[in-house]
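Chain and residue survey
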Amino acid sequence: MTTPHPVVSAKTAKRWHQRLRRELIGAIALKLVVLFSLKAAFFPHRLPASEAAQGVADRIASSRAPTHEPLSKDQP
């Protein structure tokens, strides 16, 4: 008489676990590569604090002083 559920040999189970582990590690590695490439593409690198402060100072210096003349609603 045969058993209704054949017993999987230890060698076959080990091979199956190794293949599953390899696929999971490959999928995680691929996801990390995609994640870091998206980060590099859409989020620019941060500037050092000195360069950022200089850029803010340049923008403040180049802006005009506000005039106290009321704007006409006819002019855009």
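Not measured: the values here are computed from a predicted model.

Here the focus is the overall build of the protein chain. Within the protein chain, the secondary structure is distributed over 2 helices and 0 strands. Looking at the protein chain as a whole, 0% of its 76 residues qualify as buried. Accessible surface, the protein chain as shown: approximately 8200 Å² in total, 65% of it carbon and sulfur.

Further remarks concern a nonpolar patch on the surface. Residues L30, V34, L38, F42 and F43 make up a contiguous nonpolar surface patch of about 550 Å² in total accessible area. Looking at the element boundaries, V34 is found in helix α1 (residues 10-42).

The subject of this paragraph is α1. With 33 residues, α1 ought to run about 48 Å at 1.5 Å a step, and its terminal C-alpha atoms sit 48 Å apart, in line with that. Sparse coverage of α1 is indicated by the burial of 0 of its 33 residues.

Conventions we followed
- Numbers given for residues are sequential positions, taken from 1 along each chain in its written order.
- In view of the model being predicted, local features appear only for residues whose pLDDT reaches at least 70, and side-chain atom pairs are presented and counted only at 80 or more, with totals across whole chains, interfaces and linings using the full set of residues.
- Only hydrogens and water are removed before side-chain values are computed, so all heavy atoms of the structure are retained for them.
- Helical segments are the DSSP runs of H or I of at least four residues, strand segments are the runs of E of at least two, and each set is numbered from the N terminus.
- Between buried and exposed lies partly exposed: a residue is buried under 20% and exposed over 50% of the maximum accessible area for its type, with that area taken using a 1.4 Å probe on protein chains only.
- In this description, accessible areas are obtained by the Shrake-Rupley approach with a 1.4 Å probe, and a residue is regarded as covered only by the protein chains that are shown.
- Patches here: salt-bridge-free residues with over 30% relative accessible area, like charges joined within 9 Å, nonpolar side chains (Val, Leu, Ile, Met, Phe, Trp, Tyr) joined within 5 Å.
- Throughout this description, the term salt bridge denotes a Lys or Arg side-chain nitrogen within 4 Å of a carboxyl oxygen of Asp or Glu.
- Residue count minus one, scaled by 1.5 Å, sets the expected span of a helix.

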